[in-house]
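Tertiary structure, described
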Amino acid sequence: DVKVTQSSRYLVKRTGEKVFLECVQDMDHENMFWYRQDPGLGLRLIYFSYDVKMKEKGDIPEGYSVSREKKERFSLILESASTNQTSMYLCASSARRVSYEQYFGPGTRLTVT
Amino acid sequence: DQQVKQNSPSLSVQEGRISILNCDYTNSMFDYFLWYKKYPAEGPTFLISISSIKDKNEDGRFTVFLNKSAKHLSLHIVPSQPGDSAVYFCAASSAGRSARQLTFGSGTQLTVLP
């Protein structure tokens, strides 16, 4: 079974703090993704990575950056957290370039106060 | 501009009856469509998919129908069970330069009443 884990289930941070969200997958998948889920908006893609050190912007990259130094690990960074970044953050992975099915982690509920 | 739309935020169905969840899309480049199911405090899990070259795919109690001319797909659950109560997301995939991406709808909360 594919397993995607995220470092925290719940996180509370203050405005202006630098926030790191970590994601690890154990199936040697090439692609990894970061989404945020907000009520009425569904899942929106922030960034994705198709190889180590390679990344591409998704639909809403502003205010975020990512890092992929190892194949199994993909980090989302909020450089200076703001209250409008309060959300559920979901990490996902998929096997190969042509794979459409993505496997999701349990999510991190981030609250920025 | 939302490329994948789920116009019903919620749906309630009696146990044993059919649940029909709908999804519309605008981008003709989408070639795979997926349904994900999400329980509270869990990540979405893959349910069923369909290729754009097909009009129906069935897996047990779940059937997805695709109408390409109308750019519409639907998920049928028969019979509905209380354990099916969850948020259902429709997603569409297109081949990207570097990796396939998914575009999600806003979700439909299904409640199956015992």
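A few points on the structure. Within each chain, residues carry numbers counting from 1 in the order of the written sequence. Each chain takes a letter, starting from A, and each ligand takes a number, starting from 1, following the order in which they are written. Two thresholds apply to this predicted model, a pLDDT of at least 70 for residue-level local features and 80 or more for giving and counting side-chain atom pairs, whereas whole-chain, interface and lining totals are computed over all residues. Here the side-chain values reflect all heavy atoms present in the structure, with hydrogen atoms and water set aside.

Here, the term disulfide refers to a pair of cysteine sulfur atoms separated by no more than 2.5 Å. For the structure shown, the criterion picks out 2 disulfides over all chains. Put simply, Cys23(A) and Cys91(A) are joined by a disulfide, and their sulfur atoms are 1.9 Å apart. Judged by the sign of its S-S torsion, about -80 degrees, the cystine formed by Cys23(A) and Cys91(A) is left-handed. Linking Cys23(A) in strand S3 (residues 19–25) with Cys91(A) in strand S9 (residues 87–94), this pair joins segments that are 68 residues apart in sequence. When accessible area is computed with a 1.4 Å probe and restricted to protein chains, residues below 20% of their type maximum are described as buried, those above 50% as exposed, and intermediate ones as partly exposed. Here Cys23(A) falls in the buried class, since its relative accessible area comes to 0%. Residue Cys23(B) pairs covalently with Cys90(B) via a disulfide, S to S 2.0 Å. For the disulfide bridge between Cys23(B) and Cys90(B), the dihedral angle about the S-S bond is near -75 degrees, and by the sign convention the bridge is left-handed. Strands are runs of DSSP state E lasting at least two residues, helices are runs of H or I lasting at least four, and both sets are numbered from the N terminus onward.

Time to look at a nonpolar patch on the surface. The residues that make up patches have over 30% relative accessible area and no salt bridge, and they are joined within 9 Å when like-charged or within 5 Å when they are Val, Leu, Ile, Met, Phe, Trp or Tyr. Method for areas: the Shrake-Rupley scheme with a 1.4 Å probe, in which residue coverage is limited to the protein chains shown. Take a side-chain nitrogen of Lys or Arg and a carboxyl oxygen of Asp or Glu: if they are within 4 Å of each other, that pair is a salt bridge. Together, Ile18(B), Ile20(B) and Val78(B) give the surface a local cluster of nonpolar side chains, amounting to about 230 Å² of exposed area. Note that Val78(B) resides in the loop between strand S8 (72–77) and strand S9 (86–94).

The next point concerns the sheet that holds S8(B). All names here are of chain B. Strands pair, by our definition, only if DSSP identifies at least two bridges between them. Taken in spatial order, the 5 strands line up as S1-S3-S8-S7-S6 in an open sheet, and their pairing is antiparallel. The open sheet has two edge strands, strand S1 (4–5) and strand S6 (56–59), and neither has a second partner. Note: strand S3 (residues 19–25) against S8, 6 bridges, orientation antiparallel. The partner of Cys 23 across the bridge, within S8, is Leu 73.

Turning next to the layout of surface pockets. Looking at the largest pocket, its volume works out to about 400 Å³. Every residue lining the largest pocket is counted, 18 residues in all, and those nearest its centre are Asp59(A), Asp1(B), Gln3(B), Thr103(B) and Phe104(B). Counting residues per element, the ones that place at least two in the lining of the largest pocket are strand S5 (42–51) of chain A together with S9 and strand S10 (101–104) of chain B. Element by element, the count of residues in the lining of the largest pocket is highest for S10(B), at 4 residues. All residues other than Ala, Val, Leu, Ile, Met, Phe, Trp, Tyr, Cys, Pro, Asp, Glu, Lys and Arg, Gly among them, are scored as polar; the first ten of these are nonpolar and the last four charged. Taken together, the residues that form the lining of the largest pocket break down as 9 nonpolar, 6 polar and 3 charged. Note on definitions: the grid is 1 Å and covers protein atoms alone; a cavity is a set of points where a 1.4 Å probe fits but cannot get out; a pocket is an open set with protein on both sides within 12 Å along at least five of seven lines; lining residues have an atom within 4 Å of a point. Grid points are joined across faces, edges and corners, and a volume is the space filled by probe spheres set on the points. For the second largest pocket, the calculated volume is near 340 Å³. Along its surface, the second largest pocket is lined by 20 residues, and Gln37(A), Pro39(A), Val87(B), Phe89(B) and Gln109(B) are the ones closest to its centre. Secondary structure elements with two or more residues in the lining of the second largest pocket: strand S4 (31–38) of chain A together with S9 and strand S11 (108–113) of chain B. With 3 residues, S9(B) is the largest single contributor of residues to the lining of the second largest pocket. Residues belonging to the lining of the second largest pocket are distributed by class as follows: 9 nonpolar, 8 polar and 3 charged.

All names here are of chain B. Cis geometry is found at the peptide bond from Val 78 to Pro 79, where omega equals -10 degrees. For Pro 79, the location among the structural elements is in the loop between S8 and S9. At Ala 41, a residue that is not glycine, the phi angle is positive and equals roughly 65 degrees. The exposure class assigned to Ala 41 is partly exposed, which follows from its relative accessible area of 38%. Unlike most non-glycine residues, Lys 71 shows phi in positive territory, near 55 degrees.

What follows deals with the packing of aromatic side chains. Only Phe, Tyr and Trp rings take part, Trp by its six-membered ring, and two of them pair if their centres are within 6.5 Å. Stacked means planes under 30 degrees apart, edge-to-face means over 60, and tilted covers everything else. Tallied over the entire structure, the rule returns 14 aromatic pairs over all chains. Geometrically, the ring pair formed by Phe33(A) and Tyr35(A) is stacked, given 6.3 Å between the ring centres and 25 degrees between the ring planes. When the centroid spacing of 5.7 Å and the interplanar angle of 25 degrees are considered together, the rings of Phe33(A) and Phe48(A) count as stacked. Placement of the pair is Phe33(A) in strand S4 and Phe48(A) in strand S5, with a sequence separation of 15 residues. Taken individually, Phe33(A) and Phe48(A) each receive the classification buried, so the pair is uniform in this respect. An aromatic cluster of three or more residues is present, and its members are Phe33(A), Tyr35(A), Phe48(A), Phe104(A), Tyr36(B), Phe46(B), Phe89(B) and Phe104(B).

Read these as spatial facts, not as claims about activity.
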